[in-house]
Amino acid sequence: MSEILKESKGIRLLLENFWITRDDNREEYYEIKDNKLKIERFFSEKAGWKLIFNNRLVKLEKIPAKAESFMGISEFKDTMDYCILCSLLMILEDKEDGEQFLLSSLTDRIKIYIKEYIEIDWLNYSHRQSLVRAFKYAESIGLIRKNDGDITKYNNSVEIEVLYEKTGFSRYFAVDFQKDISNYTSYKDFETEKIEDISMDKGEQRTNRIYRNLLTTPAVYWEETKDADSIYIRNQKPALEGNLKKYLLGNLHVHKNSAFLGFDDEDLLGEIHPKKRGTLSDIVLLICGELRKKIVNQELKREIKDFVEISKAEMISFIEESKNRYGINWSKEYRDMKLEKLYENIIEYMEEWKFIEKVSEDKLIIYPAVGKIIGRYRKVKKGVNDEQSLENE
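Everything quoted here is computed from the prediction, not taken from an experiment.

Cut-offs used in this document
Residues numbered from 1 in each chain as written. Predicted model: local features only at pLDDT ≥ 70, side-chain atom pairs only at ≥ 80, totals over all residues. Heavy atoms only, no water. Phe/Tyr/Trp six-rings, centres within 6.5 Å; stacked < 30°, edge-to-face > 60°. Buried < 20%, exposed > 50% of the residue type's maximum accessible area, 1.4 Å probe, protein only. Helix = DSSP H or I, 4+ residues; strand = E, 2+ residues; numbered from the N terminus. Lys NZ or Arg CZ within 6 Å of the ring centre and 35° of its normal. Core = buried A, V, L, I, M, F, W, Y, C linked by side-chain atoms within 4.5 Å. Contact = heavy atoms within 4.5 Å. Expected span 1.5 Å × (residues − 1). Pairing = 2+ DSSP bridges. Axes fitted to C-alpha atoms, helices over the stretch in contact; angles between N-to-C directions. Lys, Arg positive; Asp, Glu negative; His and termini not counted. Salt bridge = Lys/Arg side-chain N within 4 Å of Asp/Glu carboxyl O. Polar contact = N/O pair within 3.5 Å; in protein donor to acceptor, adjacent residues only side chain to side chain.

Visitor: Which parts of the structure should I look at to understand the packing of aromatic side chains?
Guide: The geometry of an aromatic ring pair comes down to the distance between the two centres and the angle between the two planes. Enumeration over the complete set of coordinates arrives at 20 aromatic pairs. Both rings, one in Y184 and one in F190, keep their centres 4.7 Å apart while their planes meet at 80°; by these two values the pair is edge-to-face. By relative accessible area, which is 33% here, F190 ends up partly exposed. Seen in terms of ring centroids, Y221 and F260 are 6.3 Å apart; in terms of plane orientation they differ by 85°. Their pairing is edge-to-face. Of this pair, Y221 sits in strand β7 (residues 220-221) while F260 sits in strand β9 (residues 258-263); the two residues are 39 residues apart in sequence, bridging distant segments of the chain. Overall, Y221 belongs to the buried group, its relative accessible area being 16%. Connected via pairs of aromatic rings, a cluster forms that spans F42, F43, W49, Y211 and Y247. Sitting above the plane of the F169 ring, R56 keeps its charged end 4.2 Å from the centroid.

Visitor: Help me understand the nonpolar core in this model?
Guide: Taken as a class, soluble globular proteins show a tendency for nonpolar side chains to be buried jointly. One finds L291, M315, M350 and I366 to be the most contacted residues of the largest nonpolar core, which totals 40 residues. Of all the elements in the fold, those that place two or more residues in this core are α11 (279-296), β10 (308-311), α12 (312-326), α14 (339-352) and β12 (363-366). The leading source of residues in this core is α11, at eight residues. Excluding anything up to four places from it in sequence, I366 contacts L291, I295, L300, F307, V308, I310, F355 and I356. Core analysis: the next-biggest nonpolar cluster, separate from the first, contains 36 residues, I118, I120, V132 and I151 among them.

Visitor: Mind showing me how you'd approach helix α6 (residues 125-140) here?
Guide: For the α-helix, the turn length of 3.6 residues means that residues three or four positions removed from each other point alike. When the terminal C-alpha atoms of α6 are compared, their 22 Å separation across 16 residues agrees well with the 22 Å that a helix rising 1.5 Å per residue should span. All of the buried residues along α6 are H127, R128, S130, L131, V132, R133, A134, F135, Y137 and A138. Of the surrounding secondary structure, the elements contacted by the buried residues of α6 are α4 (79-93), α5 (104-113), β5 (144-148) and β6 (163-166). Looking one or two residues beyond α6, the residue adopting positive phi is G142, at roughly 95°.

Visitor: Where do I start with the environment of S317 in this structure?
Guide: The residue S317 is located in helix α12 in this model. The class for S317 is partly exposed, based on a relative accessible area of 41%. Spatially, the C-alpha atom of S317 lies 9.7 Å from that of Y343, the residues being 26 residues apart in sequence.

Visitor: Can you help me understand the sheet that holds β5 in this one?
Guide: By way of backbone hydrogen bonds, the strands of a sheet pair with one another, either parallel or antiparallel. Here we have three strands laid out as an open sheet, ordered β4-β6-β5, and antiparallel in their pairing. Only two strands of the sheet have a single partner each, and these edge strands are β4 (100-102) and β5. Sheet twist, expressed as the average angle between the axes of neighbouring strands with direction ignored, equals 35°. In this structure, β5 lies alongside β6, joined through four bridges in antiparallel fashion. Opposite D148, over in β6, you have L163 as the bridge partner.

Visitor: Which parts of the structure should I look at to understand the sheet that holds β7?
Guide: Taken in spatial order, the three strands make up an open sheet running β7-β9-β8, and their pairing is antiparallel. With partners counted over all chains shown, the strands left at the sheet margins are β7 and β8 (250-254), one partner each. Of the pairings in the sheet, the one linking β8 to β9 comprises five bridges and is antiparallel in character. Across the sheet, residue G250 finds its bridge partner in β9, namely F263. Packing of helix α8 (residues 203-216) onto the sheet brings it into contact with β7, β8 and β9, and relative to β9 it is tilted by some 50°. Contacts from helix α10 (residues 237-248) reach β8 and β9 within the one sheet, and its direction differs from that of β8 by about 155°.

Visitor: How should the pairing of β10 be read in this particular structure?
Guide: Residues in a regular strand project their side chains so that they alternate between the two faces of the sheet. Alternating positions in β10 separate cleanly, V308 and I310 being buried on one face and E309 and S311 remaining unburied on the opposite face. Note: β10 against β12, four bridges, orientation antiparallel. Counted as the bridge partner of I310 is L364 from β12.

Visitor: Looking at this structure, how should I read the side chain of K323?
Guide: Of note, K323 is situated in helix α12. Notably, K323 is buried but unbridged: the nearest opposite-charge side chain belongs to D336, and the N-O separation is 6.8 Å. Among the polar contacts made by the side chain of K323, one reaches the main-chain carbonyl oxygen of R335 at a distance of 3.1 Å. If we skip the residues at most four places from it in the chain, K323 touches W330, Y334, R335, M337 and L342.

Visitor: I keep staring at the pattern of salt bridges and nothing clicks. Help me out?
Guide: Side-chain pairs of opposite charge can arise whenever the charged atoms involved come near each other. Tallied over the entire structure, the rule returns 20 salt bridges. K38 is paired through a salt bridge with E7; the nearest N and O atoms lie 3.7 Å apart. One end of the pair, K38, is in helix α3 (residues 36-47); the other, E7, is in helix α1 (residues 3-16), and 31 residues separate them in sequence. With relative accessibility at 40%, the residue K38 sits in the partly exposed group. In this structure E7 comes out as buried when scored by relative accessible area, which is 6%. A salt bridge links E99 to K95, with the nearest nitrogen and oxygen atoms 3.9 Å apart.

Everything listed is a geometric property; what it means functionally is a separate question.
Pasting the structure below:
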């Protein structure tokens, strides 16, 4: 394998994984170690990201340019899940690596730690579910190791006991921002932060923001041609294309008011749309195709900045029309789903992939990414019966 391909593999591994531990992923760990300096330089110069490397793990601190809803922990369903995880991290700070502890020894301390923000009652089923999700996640990424018991049984009884062990990885979980953030009150404080005497739209700050957006989000949009990011992407397009191809095996697509990082089928990276054998992603492909058709036919009015506004009622009507036309090909779950619930599922998926933005309860913005990948049904002859299968374009 050439040196460039080895660097690329290491870069892609770090982007796809929260961290890579030596004991569990020995081959990947040493591949990154062999190319550490070049990989570290790429992330530092282009994205401004820090690489943590020691004799136990390697972790890339992937700080996004802008927080997006899909960037949360996918297993979590409630704010309480995050509060419990933070409490667990604080408790682990007081324990030695390899030290064992019982679940019951932590539950009261967790209540005390987050009492100022959330009142917890472990007799409440939903609260116990939050604890189970938080501990299952902590175990899945290696913050703690289960030695005995089954945490899922805590859903049904507070009497269940589980024996855990501290692995020592928890100290690397939180990002070290190397500055005081104690006065921050919102995630937006990180996005609007100004560095004294340094313009966020020039030099290194802008370069870092562009690469962070391309590496962590499905699309980069701008509303004006004078937008700083737009100017950078257009002026630096050959260099951007070269770096993304060389280090990530990716392709840069630049349009009137948007840019996308795409991959060929053999070089896929991270979460992929459309998901294989996923009915919801198939439905979204169809919706995107139908929306593009309406935009091209001017049934939906395109704004100067290439965005399209649509009301919730219009979108629900549009989804209902698509369901009536194509629903026979959908799985039973989505065929039987109530229209409002179907709308919520579709919009949540499309928001995550930056096809749509819900700007209010009654208004949506359709973005150009809607037209990037679409689907349609084609008839496939099978004896005397005609079936329909989905194809992408």
